[in-house]
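Each chain, letter by letter, is given below.
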Amino acid sequence: MSILSYLRAYFFRLFANFTTTNKLVSPPAALTEEPTRSYFRLDNDSSDTLALPDGRKLGYAQYGSQTGRPILLLHGIPGSRIDGAFFDELAQKVNARIITADRPGLGWSSPHPGRTLLDHPKDLEHLAKHLGLEEYSVLGVSGGGPYALACAVSLPREKLKCVSIVCGLGPPEVGMSGTNFWNWIGFSGGFRYSPVFIARWYWQQQPEGRLDLTDEERLELLLQRVSKSLATAHEKDLKILKDEGFHRFVLRTTRECLVQGLEGWLQDGKLMCMDHGFRIEDIRPDLPVHLWYGKFDTNVPLSHGEHIAARLGGRAHFRVENETHASLEINWQEEILKELVRNT
């Protein structure tokens, strides 16, 4: 999910200066005066698996109104099917049915060695058929952006009614100028060339990656890091950074993302940094495409949205708001979902 990577951007800065620790200490009182549970659904009650024709399993979860307009949510990186829980309450309100699949090697989905971006839409086609969906839309958030573009190019015309990309990565030729240092490192070469042992070392420095700890212990470490990031945070992000319930959600979906190991996460990131294997210009001209980007986004720069819009010849609905990577998805989620419901 996009917000997960945004929060990590703050932690990366701290880690780069070697000012953090993975030892448990007393959590900051300001963040834990009243211990809270997450108001997001963290259970597996809405999750299931589908056996694909090649023998792999596809993990997925459904949220919102089960009789609502179907929206296939493509999660960010790191992320999992649990990301759909972020929209659960609102989706019930606007009559949307959120369906989120784990990408290969993540969560409950089997690995798929040698896959491409265009292979995932094929898995989603099987899922849509299994669920009996006659029509649906696609919502790609952050790292889900490249997959949303792949869906726009390849999913059946008679089924796919609308695509919305929220602060989504564009093709690698856009570059990462304007992003934070660690995202620049990762998407400029880190995902493509880092061996697994480097990735493993990195995740051991992050509270989200400490799967050897309980979620309460991971939360304690995470809140310690958050408290150190508040002084440099954008004012639009302060509320979410102080939200303990949201951090519980972050830890839950990240655990799910990494539960099979790091290979699936590395493969997912690598594919986003390589040639996508299709042209954005080949998206059919009658397909509504909505692009949502933030002026203050330092995870996925505004240039990515501008590039996608330009290659679509100006026919995309391009929205630029005074938001960060995290605040855009939070503050505009109702408008984003309503637009998809209207077009589905």
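Rules used in this analysis
Residues numbered from 1 in each chain as written. Predicted model: local features only at pLDDT ≥ 70, side-chain atom pairs only at ≥ 80, totals over all residues. Heavy atoms only, no water. Helix = DSSP H or I, 4+ residues; strand = E, 2+ residues; numbered from the N terminus. Buried < 20%, exposed > 50% of the residue type's maximum accessible area, 1.4 Å probe, protein only. Contact = heavy atoms within 4.5 Å. Areas by Shrake-Rupley, 256 points an atom, 1.4 Å probe, with all protein chains shown as cover. Axes fitted to C-alpha atoms, helices over the stretch in contact; angles between N-to-C directions. Parallel < 35°, antiparallel > 145°, perpendicular 65-115°, else oblique. Left-handed = near helix turned anticlockwise from the far one by under 90°. Nonpolar A, V, L, I, M, F, W, Y, C, P; charged D, E, K, R; others polar. Core = buried A, V, L, I, M, F, W, Y, C linked by side-chain atoms within 4.5 Å. Pairing = 2+ DSSP bridges. pLDDT = per-residue confidence, 0-100. Polar contact = N/O pair within 3.5 Å; in protein donor to acceptor, adjacent residues only side chain to side chain. Phe/Tyr/Trp six-rings, centres within 6.5 Å; stacked < 30°, edge-to-face > 60°. Lys NZ or Arg CZ within 6 Å of the ring centre and 35° of its normal. Salt bridge = Lys/Arg side-chain N within 4 Å of Asp/Glu carboxyl O.

Regarding the overall build of the chain
Right, on to step 1. Broken down by element type, the chain carries 14 helices and eight strands.
Right, on to step 2. Counting the 344 residues in the chain, one finds 60% classified as buried.
Right, on to step 3. A separation threshold of at least 6 residues defines the contact pool for the chain, and within that pool the share at least 24 residues apart is 82%.
Right, on to step 4. About 13,800 Å² of surface is accessible on the chain, with carbon and sulfur atoms providing 52% of the total.

Notes on the packing of helix α6 (residues 181-193) against helix α11 (residues 263-273)
Right, on to step 1. Two elements in contact, α6 and α11, have axes separated by 8 Å at closest approach and are oriented at 125 degrees. Overall, the two elements α6 and α11 adopt an arrangement that is oblique. For α6 against α11, the interelement crossing comes out left-handed. Contacts between α6 and α11 involve Gly186, Phe187, Phe191 and Arg192 from the former and Trp265, Leu266, Gly269, Lys270, Met272 and Cys273 from the latter.
Right, on to step 2. The residue inventory of the contact of α6 with α11, partitioned by class, reads six nonpolar, two polar and two charged.

Let's talk about the nonpolar core
Right, on to step 1. Residues Leu127, Val138, Val163, Phe187, Trp265, Ile283 and Leu291 are the most contacted members of the largest nonpolar core, which totals 55 residues.
Right, on to step 2. With six residues, helix α5 (residues 145-154) is the single largest residue contributor to this core.
Right, on to step 3. Those residues in contact with Val163 that sit more than four places away from it in its chain are Val138, Ala148, Ala152, Leu287, Pro288, Val289 and His290.
Right, on to step 4. With 37 residues, the next largest nonpolar core counts Tyr63, Phe86, Val250 and Leu340 among its residues.

Some words on the sheet that holds strand β4 (residues 96-101)
Right, on to step 1. If you walk across this open sheet you meet the eight strands as β1-β2-β4-β3-β5-β6-β7-β8, and the pairing is mixed. Of all strands in the sheet, those bounded by a partner on one side alone are β1 (47-51) and β8 (317-321). Between one strand axis and the next, the sheet turns through 25 degrees on average, direction left out of account.
Right, on to step 2. Direction of pairing for strand β6 (residues 160-166) relative to strand β7 (residues 289-294): parallel, over a ladder of four bridges. Following the sheet pairing, Ser164 is matched in β7 by His290.
Right, on to step 3. Sitting on the sheet, helix α4 (residues 119-130) touches β1, β2 (57-64), β3 (69-74), β4 and β5 (136-141), and the angle it makes with β2 is about 60 degrees.

Details of the confidence of the model for the chain
Right, on to step 1. In the predicted model, the chain carries a mean pLDDT of 90, and 89% of its residues have values of at least 70.
Right, on to step 2. With pLDDT under 50 throughout, residues 6-35 is counted as low confidence; its partners more than four residues away or in other chains account for 79 contacts.

Brief notes about the environment of Ser110
Right, on to step 1. Within the fold, Ser110 resides in the loop between β4 and α4.
Right, on to step 2. Taking the C-alpha atoms as reference, Ser110 lies 5.4 Å from Arg56; in sequence the two are 54 residues apart.
Right, on to step 3. Beyond its immediate chain neighbours, meaning those up to four positions away, Ser110 contacts Arg56, Lys57, Pro104 and Gly105.
Right, on to step 4. There is a polar contact of 2.9 Å between the side chain of Ser110 and the backbone nitrogen of Lys57.

Quick word on the packing of helix α8 (residues 215-229) against helix α10 (residues 244-258)
Right, on to step 1. Across the interface, α8 lies against α10 with an axial gap of 10 Å and an inter-helix angle of 120 degrees. Taken together, α8 and α10 sit at an angle that is classed as oblique. The two elements α8 and α10 meet at a crossing, and its hand is right-handed. Of α10, the residues touching α8 (which contributes Asp215, Glu216, Arg218, Leu219, Leu222, Leu223 and Val226) are Glu244, His247, Arg248, Leu251, Thr254 and Arg255.
Right, on to step 2. The residue makeup of the contact of α8 with α10, split by class, is five nonpolar, two polar and six charged.

As for the packing of aromatic side chains
Right, on to step 1. Under the definition given, this model contains 13 aromatic pairs.
Right, on to step 2. A ring pair is formed by Trp203 and Trp265, whose centres lie 5.3 Å apart and whose planes are at 75 degrees; its orientation type is edge-to-face. Taken together, the positions of Trp203 in helix α7 (residues 196-204) and Trp265 in helix α11 put the pair 62 residues apart, joining distant regions of the chain.
Right, on to step 3. Given a relative accessible area of 2%, Trp203 falls into the buried group.
Right, on to step 4. By way of ring pairs, the aromatic residues Phe40, Phe86, Phe87, Phe246 and Phe249 are connected into one cluster.
Right, on to step 5. Of note, Arg81 hangs over the ring of Trp108, and the distance from its end group to the ring centre comes to 4.0 Å.

Quick notes on the pattern of salt bridges
Opposite charge on two side chains permits them to pair, given that their charged atoms come into close proximity.
Right, on to step 1. For the structure on display, the rule yields 26 salt bridges.
Right, on to step 2. Note that Asp43 and Arg41 form a salt bridge whose closest N and O atoms lie 3.2 Å from each other.
Right, on to step 3. Assessed through its relative accessible area of 27%, Asp43 is described here as partly exposed.
Right, on to step 4. Under the relative-accessibility criterion, Arg41 is labelled partly exposed at 28%.
Right, on to step 5. Where salt bridges share partners, they join Arg81, Asp102, Arg252 and Glu256 into one cluster.

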